[in-house]
Amino acid sequence: MNIIVAIKQVPETSNVKMDPVTGTMIREGVESIINPLDLYAIEAANQLKEAHGGKVTVVTMGPPNAEKALKEAIAMGCDEAVLISDRAFAGADTWSTSYVLAKAIEDLGEFDLILCGERATDGDTGQVGPNIAAAMDVPLATYVSQIESADPATGELLVWRMTEYGYEKLQLPLPSLLTVVKEISFPRLPTLRGKQRARAADIKSYNASNLEVEKDKIGLKGSPTRVIKIETPKVTRGGTIIKPADEKDLEDAVDKLIDFLKAKEIL
Amino acid sequence: MKHQNVWTIAEAHDGKLRTVSYELLARGRQLADDLGQELVSVLISGHVDKDELQKLIERGADRVLVVFDEWLDSFIAETYSNILCDLILERKPEIVLAAATFNGRTLLPHAAMRLHVGLTADCTGLAIDPITKDLLQTRPAIGGNILATIKSPDHRPQMATVRPKSTKPLDKDKDRKGEIELVPFKTAWVDPRVKRLATREEAGEDINIQEADVVVAGGRGMKKGENFNMLQTLARNLGGVVGATRDAVDRGWAKYPQQVGLSGKTVTPKLFVSVGASGSIQHLAGMKTSENIIAINTNEDANIFQVADFGIVADLFEVLPLLNKKLEEEGSK
Ligand SMILES: Cc1cc2nc3c(=O)[nH]c(=O)nc-3n(C[C@H](O)[C@H](O)[C@H](O)COP(=O)(O)OP(=O)(O)OC[C@H]3O[C@@H](n4cnc5c(N)ncnc54)[C@H](O)[C@@H]3O)c2cc1C
Ligand SMILES: Nc1ncnc2c1ncn2[C@@H]1O[C@H](COP(=O)(O)O)[C@@H](O)[C@H]1O
């Protein structure tokens, strides 16, 4: 099976800062990692490859140093890597990002499956997967928690998808696009041999000139949405914290808790 | 033709409308009034009762657009997207809102891509810009550490998904008048490539933690899976459901659909009770926008107290039995 995994490089969670003028993230000085939710997609792809043969290609659109994320994916067992990078792509929203990713994936040639993470931990939209499927008219299943079977010979794919009520089983043809959740796999760590391969790996690159894209659909200009304001809300709440010293205190604290529930009209 | 009117996408399950449908109408009503336009509720579904449709009007819709067919019993993204795109192209709404549910967060990005319009995910605030009349869409990002306001000035319709439980439905108004329009189903809409073969509904309410008013979530401090029984009791006493930290899920004390946080679900209940959880940054990402937060933890320096409105620094094995007892006494008053 030929599997493509779209991964995003994101700032290591907690301490990201925003530029109050442009409303974009300040990436300098913050360690970048593979979007943690994409690790599940990488692992699922590697397992399918182990079962059926073929290769796993990781694709990312981002700044030149997103190469680091690609190499890490190779160290985890992926075979090929593709970096889509150009100043002209900067400032892309999910529409424009997905447009470019779709163009690049089309250019890569035949594939059986595209996997995406459920969402990226920075932008936090979960839109890119469904967007790519729509752009390429590839069948889509989101929130996939289990790949029951994938048969490259018959082209049949059976997956379980999460819903508000439990799970549903879907049958899709190959090729399809899946977005996956944590439950699908337990990501392996990079191996020493993998790291060596990563160092030597050739990374295919695309930019705005060697990829056939319409200029008015890329970058900030090609993005329908505009961030107009960024606020950093106060997270700490300064609530009442009680530390009971004895049993009577504890009883008191629980009574106060019940008063709190009443005041908030929960009881 | 000029784009106009506000659309909200209703959702149904088992022949009944889901509450998020009414929450969206409350959002939409405000926007439609500010714009002086109609509020239209769109339902794409297998069958639901006629009385149910009337409820959409009682909760704020001026018009209800319904597409019914057996094909629509299962949510197939492509088929639903074909219908939504066609309706939008034909009738040109100004704004389209859907719930940030599993299906809403699948359908809207699919349609928005094809229509080449902007889409803002998981909004918690929506307003009309008084001057430009653009839709101002506010959403938490980066694990709730920032609030971004987004607009889409040059593309119509403006589309957004809205976080469940971030608004209250309007009160029922039996006297409200509105029109129900059945849109004839076209078989050309059906995309036969994807089929739903089976569903497996999980027993119990706990799995739908995103739509509960109260979430009681346990962490590693619960010590054992059996101890989650105490949380079940607490949840029952408060009319809520049980959630968990990743640690508790990984240990098999709770199921993945109950996981709150970065790699689980984001919840915004009226009340979140955290029991024996440290409040890691990844866990906070999924619960810190809750309306009220109560924390119980033995460690007074635990991060969770930073986001708590009310906290007790004590052993949960002492607090929970006492709390449950007192709540039961309250209940029988
Ligand atoms: C990429 C990534 C994604 C992640 N996603 C998630 C996610 O979605 N959700 C999530 O929850 N975590 C997530 N995590 C894990 C997260 O970092 C923490 O490991 C996890 O949240 C800790 O769970 P906990 O609070 O239950 O356990 P701990 O951190 O071990 O905390 C247990 C707490 O219980 C208290 N305690 C112990 N005994 C008692 C007692 N008798 N009475 C009262 N209090 C007691 C302790 O003081 C302590 O504060 C993620 C991590 C990564 C790296
Ligand atoms: N710039 C990107 N390059 C490659 N894949 C991406 C990119 N952005 C998002 N993705 C993929 O789409 C998923 C959802 O991302 P998002 O819609 O940004 O939350 C991620 O988990 C990735 O699999």
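Just so you know, these numbers come straight off a predicted model, no measurement behind them. (Residues numbered from 1 in each chain as written. Chains lettered and ligands numbered in written order. Predicted model: local features only at pLDDT ≥ 70, side-chain atom pairs only at ≥ 80, totals over all residues. Heavy atoms only, no water.)

### With respect to the overall build of chain B
In step 1: For chain B, the helix and strand inventory stands at eight helices and 18 strands.
In step 2: Against the compact-globule benchmark of 20 Å for 333 residues, chain B has a radius of gyration of 21 Å, which places it among compact chains.
In step 3: Considering only residue pairs separated by 6 or more positions, chain B has 66% of its internal contacts joining residues 24 or more positions apart.
In step 4: Accessible surface, chain B as shown: approximately 12,800 Å² in total, 46% of it carbon and sulfur. (Helix = DSSP H or I, 4+ residues; strand = E, 2+ residues; numbered from the N terminus. Rg over C-alpha atoms; globule rule 2.2 N^0.38 Å. Contact = heavy atoms within 4.5 Å. Areas by Shrake-Rupley, 256 points an atom, 1.4 Å probe, with all protein chains shown as cover.)

### Some points on the site of ligand 1
In step 1: Residues in contact with ligand 1 amount to 27 residues; listed here are only the nearest, Arg220, Thr245, Ser263, Ser278 and Asn297 of chain B.
In step 2: Close to ligand 1, residues of chains A and B are found.
In step 3: Serine 280 of chain B is positioned such that a nitrogen or oxygen atom in its side chain is 2.9 Å from an oxygen atom of ligand 1.
In step 4: Its atoms largely coinciding with the cavity grid, ligand 1 occupies the second largest pocket.
In step 5: Class assignment for the residues of the shell around ligand 1 results in seven nonpolar, 15 polar and five charged. (Near = heavy atom within 4 Å. Polar contact = N/O pair within 3.5 Å; in protein donor to acceptor, adjacent residues only side chain to side chain. 1 Å grid on protein atoms, 1.4 Å probe; cavity = no way out; pocket = protein on both sides within 12 Å on 5 of 7 lines; lining within 4 Å. Sits in = over half its atoms within 2 Å of the grid points. Nonpolar A, V, L, I, M, F, W, Y, C, P; charged D, E, K, R; others polar.)

### Some remarks on the interface of chain B and chain A
In step 1: Taken together, the 92 residues of chain B in the interface contact 85 residues of chain A.
In step 2: Counting the surface chain B buries against chain A, the share from its top three residues, Phe102, Met113 and Tyr256 of chain B, is 10%.
In step 3: Along the contact surface separating chain B from chain A lie nine salt bridges.
In step 4: A salt bridge links aspartate 250 of chain B to lysine 182 of chain A; its shortest N-O distance comes to 3.0 Å.
In step 5: The tally of links between chain B and chain A comes to 48 residue pairs in polar contact (both at pLDDT 80 or more).
In step 6: Along the lines of polarity and charge, the residues of the side of chain B that touches chain A split into 42 nonpolar, 26 polar and 24 charged.
In step 7: With three bridges connecting them, strand β15 (residues 240–242) of chain A and strand β18 (residues 310–313) of chain B associate as parallel partners. Paired with isoleucine 241 of chain A across the two strands is glycine 311 of chain B, which belongs to β18 of chain B. (Buried area = accessible area lost by both parts, 1.4 Å probe. Salt bridge = Lys/Arg side-chain N within 4 Å of Asp/Glu carboxyl O. Pairing = 2+ DSSP bridges.)

### Here's the deal with the layout of surface pockets
It is a probe the size of a water molecule, rolled over the atoms, that shows where empty space is left.
All names here are of chain B.
In step 1: Computed from the structure, the second largest pocket encloses a volume of approximately 950 Å³.
In step 2: Tallying contributions element by element places helix α6 (residues 246–250) first for the lining of the second largest pocket, with three residues.
In step 3: In terms of residue class, the lining of the second largest pocket is built from 16 nonpolar, 16 polar and 10 charged. (Points joined across faces, edges and corners; volume = space filled by probe spheres on them.)

### Observations concerning empty space enclosed by the protein
In step 1: This model, assessed by the stated rule, comprises five cavities of 30 Å³ or more.
In step 2: As a volume, the largest cavity reaches approximately 410 Å³.
In step 3: Arg119 of chain A together with Arg105, Gln210, Lys265 and Thr266 of chain B are, among the 33 residues lining the largest cavity, the residues nearest its centre.
In step 4: For the lining of the largest cavity, the class distribution of residues is 13 nonpolar, 12 polar and eight charged.

### Points about the nonpolar core
In step 1: Residues Ile84 of chain A together with Met159 of chain B are the most contacted members of the largest nonpolar core, which totals 60 residues.
In step 2: Apart from residues no more than four positions distant in its own chain, isoleucine 84 of chain A is found in contact with Val59, Thr60, Met61, Gly62, Phe89, Val100, Leu101, Ala104, Tyr206 and Leu211 of chain A. (Core = buried A, V, L, I, M, F, W, Y, C linked by side-chain atoms within 4.5 Å. Buried < 20%, exposed > 50% of the residue type's maximum accessible area, 1.4 Å probe, protein only.)

### Examining the domain arrangement of chain A
Accessible area lost when the parts come together is the quantity often used to give the size of an interface.
In step 1: We note that the domain assignment places domain 1 (2–217) and domain 2 (236–267) within chain A.
In step 2: Measuring from the centre of the C-alpha atoms in domain 1 of chain A to the corresponding centre in domain 2 of chain A gives 46 Å. (Domains from an automatic or database assignment.)

### A look at the environment of serine 185 of chain A
Residues and elements named next belong to chain A.
In step 1: Along the polypeptide, serine 185 turns up in the loop between β12 (176–180) and α5 (192–200).
In step 2: In the structure, serine 185 is positioned 98 residues away from arginine 87 in sequence and 35 Å away in space, judged by C-alpha atoms.
In step 3: Ignoring sequence-local partners within four residues, the contact set of serine 185 consists of Tyr40, Glu43, Ala44 and Gln47.
In step 4: From its side chain, serine 185 meets the backbone oxygen of tyrosine 40 in a polar contact 3.0 Å long.

### Here's the deal with the packing of helix α6 (residues 247–263) of chain A against helix α8 (residues 316–331) of chain B
In step 1: For the pair α6 of chain A and α8 of chain B, interaxial distance at closest approach is 10 Å and the crossing angle is 50 degrees. One element, α6 of chain A, and the other, α8 of chain B, form an angle in the oblique class. With respect to the hand of their crossing, α6 of chain A and α8 of chain B are arranged in right-handed fashion. Counted together, Leu250, Glu251, Val254, Asp255, Leu257, Ile258, Leu261 and Lys262 of chain A of α6 of chain A and Glu318, Val319, Leu322, Leu323, Lys326, Leu327 and Glu330 of chain B of α8 of chain B form the full contact between these two elements.
In step 2: Residue composition of the contact of α6 of chain A with α8 of chain B, grouped by class: nine nonpolar, no polar and six charged. (Axes fitted to C-alpha atoms, helices over the stretch in contact; angles between N-to-C directions. Parallel < 35°, antiparallel > 145°, perpendicular 65-115°, else oblique. Left-handed = near helix turned anticlockwise from the far one by under 90°.)

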